[in-house]
Amino acid sequence: MTVISDGKAQELRLRDYDQASLNGQHLSAVREFIRTNDRDLLLPFDERAVIDAKGKAHSLETDPNELHRIAAQGDEIFHEIYRLVLTGA
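Residues numbered from 1 in each chain as written. Predicted model: local features only at pLDDT ≥ 70, side-chain atom pairs only at ≥ 80, totals over all residues. Heavy atoms only, no water.

### Points about the overall build of the protein chain
(1) Moving on: The secondary structure content of the protein chain amounts to three helices and four strands.
(2) Moving on: Mapped in sequence order, the helices and strands of the protein chain form the string β-β-α-β-β-α-α.
(3) Moving on: Scored against the burial criterion, the 89 residues of the protein chain give a buried share of 36%.
(4) Moving on: In the protein chain, 54% of the contacts between residues at least 6 apart in sequence involve partners at least 24 apart.
(5) Moving on: A total accessible area of about 5400 Å² is found for the protein chain, and carbon and sulfur atoms account for 47% of it. (Helix = DSSP H or I, 4+ residues; strand = E, 2+ residues; numbered from the N terminus. Buried < 20%, exposed > 50% of the residue type's maximum accessible area, 1.4 Å probe, protein only. Contact = heavy atoms within 4.5 Å. Areas by Shrake-Rupley, 256 points an atom, 1.4 Å probe, with all protein chains shown as cover.)

Structure follows, in structure tokens:
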């Protein structure tokens, strides 16, 4: 699953359903943040992390500048986010 952590988007295998659910909520909030620039969408994820299958914690990225930088780099996750926003999916 794609996780946005430490200034980059990366594919990780997460520990369990709860971790995947938290990460999915974060990705959804990031998608909406990129569309609206509403910082409040990221607040529930401040100082939160997801745990990968090996037990390592990955802090969820909430820095607006980092998220915009990642988006501007054209990482694949943001291409998908933009596609969903544009098509209304």
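### Observations regarding the pairing of strand 2 (residues 8–11)
Put simply, side chains in a regular strand alternate between the two faces of the sheet.
(1) Moving on: With four bridges joining them, strand 1 (residues 2–5) and strand 2 adopt antiparallel strand pairing. Paired with Val 3 across the strands is Gln 10, a residue of strand 2.
(2) Moving on: Connecting strand 1 to the next strand, strand 2, in antiparallel fashion are two residues, including Asp 6 with a positive phi near 55°. (Pairing = 2+ DSSP bridges.)

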